[in-house]
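Architecture and fold: a report
If you want the building blocks of each chain, they are given just below.
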Amino acid sequence: MRMLWLPEKCAQPEDPSTLIAQGGAGIWDIAEMLRRTEMSSINSAALESIEEGIDQLARAYPYANADYLHERTRNGLNYVTKQLEGRVTLRQHRELLVDAGWLFLLNACVQYDRGQREAANLSKAAALRIGEEAGHGEIKAWAWEIEAWFALTQSRWQDMLNAVEAGHMADQTHSVGVQLYAHKARAAARMGDARLVRDSLDAGRARLDRLPRPDHPEHHFIIDPDKWDFYEMDAYRLLGDDERAAAHARSVIRISTGPDGTEISPCAPQKPASPSESPPPAWARSKKPSAWAPQPSKPTASPSRPCF
């Protein structure tokens, strides 16, 4: 007769609460950890408001007073830093890092305009570090673009070319590449390298033609297609190629002339007659009115960095 073997005592499932109490790695531990990663002291509306504020600041750069813009950019950095110190999800942490990166980029430009070279270099380096930590190629590329601009204004041609190449390696899809090619063309013209001037301008035009026309060309980190003829004119002027420079100058004059014959800058948007299209975000008004949202009511006569 075949006997059926039965264990003396059936194994009982472990009590999940016991696992948690004892620190065991059970499914309930994982569930609790996931719940905690979703806990946050900031919501999506606040994050969107921060991005809106940064967008307004970048669009105000061409015509806003440097001191005014510097104050609001610093206020923005303080606000974002405070949020990073609070409880945020992993996704929100990266979004806030990216926001800080854009603010450091803008701050570097404003500080350089104000003659604060050392501070500008620190802000640029901070943006580059954030771009690397967040895996954000466009921020890294703009940090290198700013380094290229610094080198260009200081006649450090080889440093400028090195920065351009680093920028291209960081990002190959956004409009920052167009600006990098424009810098390279101008540096090549200063060095008397006609072939490099033409190659850089051709590559910049090809990149520009692949990009959609921007809704807000005045945004400091978006390239205005109407500026390209100015870039080409200036590069050929520096090279001494008067024929090509004159051809592009005619296009610049056409773009720079309004229907009524008034002169319009090809590089800086004119101050709108009406107030800002949208009010400052709520978080910018929470503690101090207009804490750092731009209000372009006091434009300077000309932008600090008109084209290059």
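To be clear, the structure that these remarks concern was listed above.
This part takes up the environment of Ala 134. Looking at the element boundaries, Ala 134 is found in helix H6 (residues 117–134). Accessibility expressed as a relative area gives 10% for Ala 134, which makes it buried. Residues Ala 134 and His 93 lie 41 residues apart in sequence; the distance between their C-alpha atoms is 9.4 Å. Beyond its immediate sequence surroundings of up to four residues, Ala 134 is in contact with Arg 94 and Val 98.

At Ser 155, a position not held by glycine, the phi torsion is positive, near 60°. Here Ser 155 is to be found in the loop between helix H7 (137–153) and helix H8 (157–170). Of the residues examined, Ser 155 reaches a relative accessible area of 46% and is grouped as partly exposed.

With their axes 8 Å apart at the nearest point, H7 and H8 run at an angle of 170° to one another. Between H7 and H8, the angle falls in the class roughly antiparallel. Residues Gly 137, Lys 140, Ala 141, Trp 144, Glu 147, Ala 148, Ala 151 and Leu 152 of H7 pack against Trp 157, Asp 159, Met 160, Ala 163, Val 164, Ala 166, Gly 167 and Ala 170 of H8. Among the residues making up the contact of H7 with H8, the classes are represented as 11 nonpolar, 2 polar and 3 charged.

Reading the values: rules and limits
Residues numbered from 1 in each chain as written. Predicted model: local features only at pLDDT ≥ 70, side-chain atom pairs only at ≥ 80, totals over all residues. Heavy atoms only, no water. Helix = DSSP H or I, 4+ residues; strand = E, 2+ residues; numbered from the N terminus. Buried < 20%, exposed > 50% of the residue type's maximum accessible area, 1.4 Å probe, protein only. Contact = heavy atoms within 4.5 Å. Axes fitted to C-alpha atoms, helices over the stretch in contact; angles between N-to-C directions. Parallel < 35°, antiparallel > 145°, perpendicular 65-115°, else oblique. Nonpolar A, V, L, I, M, F, W, Y, C, P; charged D, E, K, R; others polar.

None of this, on its own, says anything about what the molecule does.
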